[in-house]
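Observations on the three-dimensional arrangement
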There are 2 protein chains.
Amino acid sequence: MRAWILTIGNELLIGRIVNTNASWLAKKLVFLGFDVRRIIVVPDDKKDISEELKRALEKADVVVTTGGLGPTYDDMTSDAVAYTLDKKLVLDEKALSMVEQFYKTKNMELTPERIKMAYVPEGARVIENPVGAAPAYMVEVDGKTIIVLPGVPAEMKAIFEKHVEEYLRKKYAPHTFIVEYNVIVKGVPESGLAPFINELSRKHRDVYIKSHPKGHETSNPVLDIRVFVSSNKSGDEAEEKAKKIIDEIIEEARRLGGIIVESGRTL
Amino acid sequence: MRAWILTIGNELLIGRIVNTNASWLAKKLVFLGFDVRRIIVVPDDKKDISEELKRALEKADVVVTTGGLGPTYDDMTSDAVAYTLDKKLVLDEKALSMVEQFYKTKNMELTPERIKMAYVPEGARVIENPVGAAPAYMVEVDGKTIIVLPGVPAEMKAIFEKHVEEYLRKKYAPHTFIVEYNVIVKGVPESGLAPFINELSRKHRDVYIKSHPKGHETSNPVLDIRVFVSSNKSGDEAEEKAKKIIDEIIEEARRLGGIIVESGRTL
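Residues numbered from 1 in each chain as written. Chains lettered and ligands numbered in written order. Predicted model: local features only at pLDDT ≥ 70, side-chain atom pairs only at ≥ 80, totals over all residues. Heavy atoms only, no water.

Turning next to the overall build of chain A. Helices and strands together make up the secondary structure of chain A, namely nine helices and 12 strands. Dimensions along the principal axes, computed over C-alpha positions, put chain A at roughly 70 × 40 × 35 Å. Here chain A holds 267 residues, and 57% of them are scored as buried. A fraction of 71% describes how many contacts in chain A between residues 6 or more apart in sequence connect residues 24 or more apart. (Helix = DSSP H or I, 4+ residues; strand = E, 2+ residues; numbered from the N terminus. Buried < 20%, exposed > 50% of the residue type's maximum accessible area, 1.4 Å probe, protein only. Contact = heavy atoms within 4.5 Å.)

Shown next as structure tokens:
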């Protein structure tokens, strides 16, 4: 099952903000068993958002968007989603009462800018925002799911964990088991271990092995090597396979004069 | 002038790493006067990299890639660039001597994995990596420039600042002046200031105004409002315009009962 993440917002494209939303979501989706194939940062522009959303719907089973749901003129995600799906943007009664409730408890009136947040593409299923004003929503299209979340990290995370995660697990990934092991090796440069890791990767096509150089390639080489295994059968099967491969890497690293700093299960 | 950033690497798509390379590069490019329209995270997959590179070349004047230049089997950026441009991957003598030199000073031999880093698309101009093994390079295609950088942040930054920045400034943006002002307002929710900011934005199409909610929308609203202006004439013109708009926002924020925490030039 493939997922794409679209993070919407000019502030990301001018480098003001580091895209922590994307990495947080990616980790969550991978853990649910998704193959995350793209993270795309898109400007606050209806045409751009629509272009990327269209591509995402062609290639992915699940598309998660963040950002562009707020009250200002440049929050145009819902407009773009509706346009892409050829649906009308409609005032959702449930969303309106959420927005209304949110401001009512603060003794604040409903303005056109606040009401705007309750407009969603026709047919969308509105999701409560437990910590902010802008409701999120899901749209189902031909068996694919678009999940539209706000960009404020606390709101995005709360909505995903409270309302989205379990839904995706049930619908797309009821039987996925993910295990990752790592080993940190000192004293062997990345290029020294590369032939062995290349060979292992060719042998185990369903396993993802990646070495991250942490120190300096030659004067102080430190490698964090990760072995990532998913299984549709059982956690035990994934665990066994990851452990076996990490043991082979440890053996080779020692043969090359490396010191094992630490090793263990990381996911 | 438009720029796209492609950051290549599975580790970004599984959420292991936050994409700080992209935000660093975006800031640099914006400061050079580029309109950064996309940041795309692409897996270590030749077809995927090629697909995105092709799109980027259609839409942008400058494409910067990071990642996938190392010695392991899954470092396939150069392969993908060559494939996309329909060029051969050739052993570059200058690149080879850089790689050779790098390992020689460490008393390490040249292996096939290390030599692989000296293969670049035919016609590429190789750029020295002052802090690591993998050389970077540029390719010019129909007046457009592809800049291919390694993914290790220290290497990427050193190469960009030492060899790329000045080149781009001279070629694409000899007369761009960027100014940004901000103001931090306490006591006014984002949706309260939204009508005024929307109106300002409609009036000044060449100015980018964005409010970032820092506190809680209602119980403790804190807004960081940024006014971003670029001018092709002079820094003074950009400065004057940004200052005028920020003053209008301050006046409106005060009228709404807001407290100005701080304000000043940020870029």
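Here we come to the interface of chain B and chain A. At the junction of the two partners, chain B supplies 61 residues and chain A supplies 62 residues. In total, about 5,300 Å² of surface goes out of reach between chain B and chain A, with carbon and sulfur atoms giving 53% of it. Broken down residue by residue, the surface that chain B buries against chain A is led by Arg16, Arg38 and Tyr73 of chain B, which jointly contribute 12%. Inspection of the region where chain B meets chain A yields 20 salt bridges. Between Glu180 of chain B and Arg16 of chain A there is a salt bridge; the shortest N-O distance is 2.2 Å. Where the side of chain B that touches chain A is concerned, the elements lending two or more residues are helix 1 (10-13), helix 2 (20-31), strand 2 (35-42), helix 3 (46-59), helix 5 (93-104), helix 6 (112-115), helix 8 (190-203) and strand 10 (207-213) of chain B. Of the residues forming the side of chain B that touches chain A, the biggest block, eight residues, is contributed by helix 8 of chain B. Looking at the side of chain B that touches chain A residue by residue, the class counts come to 25 nonpolar, 14 polar and 22 charged. Sheet topology places strand 2 (residues 35-42) of chain A next to strand 2 of chain B; three bridges connect them, and they run antiparallel. (Buried area = accessible area lost by both parts, 1.4 Å probe. Salt bridge = Lys/Arg side-chain N within 4 Å of Asp/Glu carboxyl O. Nonpolar A, V, L, I, M, F, W, Y, C, P; charged D, E, K, R; others polar. Pairing = 2+ DSSP bridges.)

With that out of the way, let us pick up the domain arrangement of chain A. Taken as a whole, chain A is organised into domain 1 (2-172) and domain 2 (177-265). A separation of 36 Å is found between the C-alpha centroids of domain 1 of chain A and domain 2 of chain A. (Domains from an automatic or database assignment.)

The subject of this paragraph is the side chain of Arg226 of chain B. By secondary structure assignment, the location of Arg226 of chain B is in strand 11 (residues 222-231). A distance of 3.0 Å separates a polar atom in the side chain of Arg226 of chain B from a polar atom in the side chain of Asp224 of chain B. Arg226 of chain B has contacts with Arg16 of chain A together with Glu180, Tyr181, Asn182, Tyr208, Ile209, Lys210, His212 and Thr266 of chain B, leaving out every residue within four places of it along the chain. (Polar contact = N/O pair within 3.5 Å; in protein donor to acceptor, adjacent residues only side chain to side chain.)

Bringing the packing of helix 8 of chain B against helix 9 (residues 235-255) of chain B into the picture now. How two helices sit against one another is set out by the angle between their axes and by the gap between those axes. All names here are of chain B. Here helix 8 crosses helix 9 at 160°, and the two axes come no closer than 10 Å. Put simply, helix 8 runs roughly antiparallel to helix 9. You can see that helix 8 and helix 9 cross each other, and the crossing is right-handed. Contacts between helix 8 and helix 9 involve Leu193, Phe196, Leu200 and Lys203 on the former and, on the latter, Ile245, Glu248, Ile249, Glu252 and Ala253. Its residues assigned to classes, the contact of helix 8 with helix 9 shows six nonpolar, no polar and three charged. (Axes fitted to C-alpha atoms, helices over the stretch in contact; angles between N-to-C directions. Parallel < 35°, antiparallel > 145°, perpendicular 65-115°, else oblique. Left-handed = near helix turned anticlockwise from the far one by under 90°.)

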